[in-house]
Amino acid sequence: TGTLYVQGGGPFYNSIPLSGTGLASGATGVVAFSSSALNFGTVTVGTTTTYQGVAIENNGSVPVTISAIAASGDYSLYSTNCGTLPVQLNVQASCIAYVTFKPSAAGLRTGNLTFSDTATGNPQSVALSGTGVAGVRTLEFYPSTGANFGSNVPVGVESGAITVYAENAGTSSIIVDRVLASGDF
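Residues numbered from 1 in each chain as written. Predicted model: local features only at pLDDT ≥ 70, side-chain atom pairs only at ≥ 80, totals over all residues. Heavy atoms only, no water.

1. Things to note about the pairing of strand β6 (residues 64–71)
Pairing of β6 with strand β8 (residues 87–89), which is carried by 3 bridges, proceeds in the antiparallel orientation. Directly across from I66, in β8, lies its bridge partner V87. (Pairing = 2+ DSSP bridges. Helix = DSSP H or I, 4+ residues; strand = E, 2+ residues; numbered from the N terminus.)

2. Here's the deal with the side chain of Q124
Within the fold, Q124 resides in strand β11 (residues 124–133). Polar side-chain contacts of Q124 include one of 3.4 Å to the side chain of D117. Those residues in contact with Q124, other than ones at most four positions away along the chain, are V31, F33, L113, T114, F115, D117 and A119. (Polar contact = N/O pair within 3.5 Å; in protein donor to acceptor, adjacent residues only side chain to side chain. Contact = heavy atoms within 4.5 Å.)

3. With respect to the pattern of salt bridges
Opposite charge on two side chains allows them to pair when their charged atoms are near. Considering all chains together, one arrives at 1 salt bridge under this definition. Among the salt bridges present, the one from D74 reaches R109, with a minimum N-O distance of 2.8 Å. Placement of the pair is D74 in the loop between β6 and β7 (75–80) and R109 in strand β10 (residues 107–117), with a sequence separation of 35 residues. Given the relative accessible area of 24%, R109 is considered partly exposed. (Salt bridge = Lys/Arg side-chain N within 4 Å of Asp/Glu carboxyl O. Buried < 20%, exposed > 50% of the residue type's maximum accessible area, 1.4 Å probe, protein only.)

4. A look at the environment of Y78
In this fold, Y78 is placed in strand β7. Its relative accessible area of 52% is what places Y78 among the exposed residues. Remark: the alpha-carbon pair of Y78 and Q52, spanning 26 residues in sequence, is separated by 9.0 Å.

And the structure:
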């Protein structure tokens, strides 16, 4: 504790009390995570999952400043409730980072959620894993029996229209770039 005195050109002065808490030499920030790894399971290639979260808690004796949170590989940082970075995480305080997974290829896909901070062991990472699977493309038509215009349409006369619907019944996107009819249609 102490006092700051300000005097200017005469006997008049103002003062303000000063206070602070010193830390013992060697005091460090220590963080812990709610999980050491997140597994997103099996996901169709190109599909984004719902988010999963991992909490970071300051279990040390001094505040920790988090300067960056980043996801690598096929993983994206969805959001956090940590606040705008850099952010100070006080002793015994925690916040959560949320991650999504969008596999870019089939097979095991790994990555990390990395926290850059002032804690011991900086940077710290949480392992991320998931498996991408190839999607199935299945184009189905309705009516599934085809379009029958009947047998009583005179030659050279246009029949009535019949609507045919196409539906992607698979798990992967289908891009239709043209539709053609053959024969007399």
